Amino acid sequence: MQGEIYNILRIVKRILPEMKATVVYNKVLSQGYFRMRLQCPEVSSEARPGTFLTLRVSELREPLLRRPFTIYTYDADSGWLDIVYKVVGVGTWLMSEVGEGEKLDILGPLGNGFTIPGNESKILLAAGGTGVAALYSLAQSILAQRHGVEITLLTGGAGSQDIICVDDFEEMGVQVLVATEDGSMGEMGLLTDLLGDQLEGSLETDDVELFSAGPKEMLKKVARLAEAYSIPCTVSLEGRMGCGIGACLGCVIRVFPDPLDAVIPPMTVYRRICRDGPVFDAAEIDWDSI
Amino acid sequence: MIRVEEMSDIDSVKTKPNLEVTIGPLELSNPVIAASGTFGYGLEFSDQVDLCRLGGLVVKGLSLEPRPGNPQPRLAETTAGLLNSIGLQNVGVRAFLEEKLPELADYDCCVLANIFGESPEEYMRVAEMLDGAEGLSGLEVNVSCPNVKEGGAQFGTDPQKTREVVAGVRKATRMPVIVKLSPNVSDIRPIARAAEEAGADALSVSNTFLGMAIDVETRRPRLSTVTGGLSGPAIKPLALRLVWETVNAVNIPVIGVGGIVSAEDALEYIIAGAHAIQIGTANFMDPLACINIVDELETYLLEHGIQDISELRGTLAEK
Ligand SMILES: Cc1cc2nc3c(=O)[nH]c(=O)nc-3n(C[C@H](O)[C@H](O)[C@H](O)COP(=O)(O)OP(=O)(O)OC[C@H]3O[C@@H](n4cnc5c(N)ncnc54)[C@H](O)[C@@H]3O)c2cc1C
Ligand SMILES: Cc1cc2nc3c(=O)[nH]c(=O)nc-3n(C[C@H](O)[C@H](O)[C@H](O)COP(=O)(O)O)c2cc1C
Ligand code: FES
């Protein structure tokens, strides 16, 4: 009997304080892609473009680790925030099964987020797959601060089912260009082909600024293009995470050492995607290490 | 926090049990310690966790010079476990003393420095530099990191080498010395005895178990170093066995480490004879894991009418 009471108390105690966010909805966007709205004033009031949260998918031990997701958009006044995710494994599959009203343990906002750019007349956003999630609230913030700035979103994926959230951008007045590998939507080809064409086509690249998010291999190509055309480029990186708060050093990315504290011979420098990032200046990253 | 208020009805009925423990020269407010490498330098968790409520925290392993660590990928999740090959990335002992420790001193928390070296001399140097540092309560000597060749695997798998390292550190410091053993040995007892004889005040058992995982699509190993250290719930029965064996082999206190995510897990170690326990991977699942376990231990003691956690230690029934 004593043991039973202890168990009940233990379960109540464990679950209460951790279940912070309530699921408002969890709806299908396209095959395998979902958008989840979470009511969580503590996190949405602190959110900024480019920050992320980690979510404990299961109270059990499978999957063991929390899963990181970019905060797609948020409304601090109403206390909600949205994430957009693709089902790729057991964690995201369990998430897709979560229903309205259920509670989830979330931790955030985490990471540095974007710095809203200064006076560029043209902003290019380049998103691969769910990378688009990192760029929507950035576009919202830029437009809120600087009316009339021209923003173009280039987004790419394997097929039309991988092109998500386009309507949200268009409603804001962002021009959207799409590339799919199978040609089922927009141009046939890779996002980076589309970006190359854009950069080639715009004669005046002086006041263009590029922001990109997606798989690392794609970002590597994007960064190389930006370098070739000498335009400033900011990337939001993803990586396998342990803690998500800068403690385990599991998520690091190799960067060039700061020339100011250069040691001889030069030391390899790793920075934490979760705490020093996920947003980095593309010129900082040692892309050859990827 | 919320939960403390919820428990107040019970608290008022019975007297608060005592969670304080003594580990050789160290006195801790409770037996729950955050494990090295999973809690950064403590500061990373200070937004989420009231560090003062921890029994103690062990910082990321420190070496004489800063170390960059291993290439990616460094982490791979396995069934109920986590493989890591961080490669002992750390800021080095000087930066720790100048930048991290002064900030940690703001918290009333028992801070232990985990140290390692490539030679017995380096272990000694690091220990000397940390000796008497303000805000530091003791050292944990990692003779057992399985990731990096120089990281100490050669010391922790051999009683003679373990003795040499521990004796050196013992000479270099007046601080409490805890030796953290490797599980990757055929018999842990001779190594535990060697550490005890060389002057260790306590032993942590254990570090991560060597393991590996393969991506069958690419046929590549999931870690850049092919093999790495396994932690998390998957290793608990293995580490528990080692703790029980060690407790029966030495006369100094043993700290149980491996796969603890709940108070039940912690209690198993204490019943097997551990004076305290460390929480590693569970901090990643829930940053409040340590604090939750402290609260749950208190509840358990209340519910079982046990006044002092030490009453439970080493009470494994015969069958
Ligand atoms: C800062 C950050 C922000 C993110 N934002 C989003 C987002 O907004 N929307 C979204 O859908 N996803 C996002 N991700 C990726 C997301 O976290 C993973 O897809 C998710 O953790 C997969 O969990 P799972 O259990 O379903 O898959 P698992 O079973 O863990 O893995 C399934 C497969 O996916 C691969 N994989 C898993 N995680 C990653 C990763 N981080 N990088 C590369 N490959 C991976 C695995 O290697 C495996 O092949 C983000 C990741 C980070 C680090
Ligand atoms: C990411 C990571 C880094 C670690 N780094 C260290 C380290 O620097 N020094 C050390 O002695 N142990 C290190 N460990 C081992 C842990 O302190 C602990 O012994 C081990 O993880 C088993 O406990 P757990 O199952 O509770 O995680 C590390 C473990 C992990 C998961
Ligand atoms: S995930 Fe732990 S340091 Fe980034």
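Shown above is the structure to which this text applies.
Residues numbered from 1 in each chain as written. Chains lettered and ligands numbered in written order. Predicted model: local features only at pLDDT ≥ 70, side-chain atom pairs only at ≥ 80, totals over all residues. Heavy atoms only, no water.

Turning our eyes to something else, we now look at the site of ligand 1. All names here are of chain A. Near ligand 1 there are 20 residues, and of these R67, P68, G91, T92 and R240 occur at the shortest range. T70 has a polar backbone atom sitting 3.1 Å from a nitrogen atom of ligand 1. T92 is positioned such that a nitrogen or oxygen atom in its side chain is 2.4 Å from an oxygen atom of ligand 1. Secondary structure elements with two or more residues in the shell around ligand 1: β4 (67–70), β6 (80–86) and α3 (90–96). Among the elements that take part in the shell around ligand 1, β4 stands out by supplying four residues, more than any other. Class assignment for the residues of the shell around ligand 1 results in ten nonpolar, six polar and four charged. (Near = heavy atom within 4 Å. Polar contact = N/O pair within 3.5 Å; in protein donor to acceptor, adjacent residues only side chain to side chain. Helix = DSSP H or I, 4+ residues; strand = E, 2+ residues; numbered from the N terminus. Nonpolar A, V, L, I, M, F, W, Y, C, P; charged D, E, K, R; others polar.)

Residues and elements named next belong to chain B. The environment of ligand 2 is made up of 23 residues, and the closest members are S36, K180, G232, G259 and T281. With respect to ligand 2, the side chain of N142 contributes an N or O atom lying 3.4 Å from an oxygen atom. Taking G259, its main chain carries an N or O atom lying 2.6 Å from an oxygen atom of ligand 2. In isolation ligand 2 has 610 Å² of accessible area, and contact with the protein removes 98% of it. (Areas by Shrake-Rupley, 256 points an atom, 1.4 Å probe, with all protein chains shown as cover.)

As a further point, take the pattern of salt bridges. All names here are of chain A. Tallied over the entire structure, the rule returns 23 salt bridges over all chains. Between R35 and D82 there is a salt bridge whose closest N-O contact spans 2.7 Å. Here the residue R35 occupies a position in strand β2 (residues 33–39), and D82 occupies one in strand β6, the gap between them amounting to 47 residues. The exposure class assigned to R35 is buried, which follows from its relative accessible area of 10%. Residues participating in the shared-partner salt-bridge network are R35, R37, D82 and D168. (Salt bridge = Lys/Arg side-chain N within 4 Å of Asp/Glu carboxyl O. Buried < 20%, exposed > 50% of the residue type's maximum accessible area, 1.4 Å probe, protein only.)

Right, let's talk about the sheet that holds strand β9 (residues 150–157) of chain A for a bit. An order of β11-β10-β9-β8-β12-β13-β16 (chain A) is seen for the seven strands of this open sheet, with the pairing classed as mixed. Since the sheet does not close on itself, it has two edges, and those belong to β11 (187–188) and β16 (279–281) of chain A, each with one partner. (Pairing = 2+ DSSP bridges.)

Okay, the interface of chain B and chain A next. With 49 residues of chain B in contact, the opposing surface of chain A contributes 37 residues. A combined buried area of about 3800 Å² lies between chain B and chain A, and 58% of that area is made up of carbon and sulfur atoms. Along the contact surface separating chain B from chain A lie two salt bridges. Notably, a salt bridge pairs B:E77 with A:R67, separated by 2.8 Å at the nearest N-O pair. (Contact = heavy atoms within 4.5 Å. Buried area = accessible area lost by both parts, 1.4 Å probe.)

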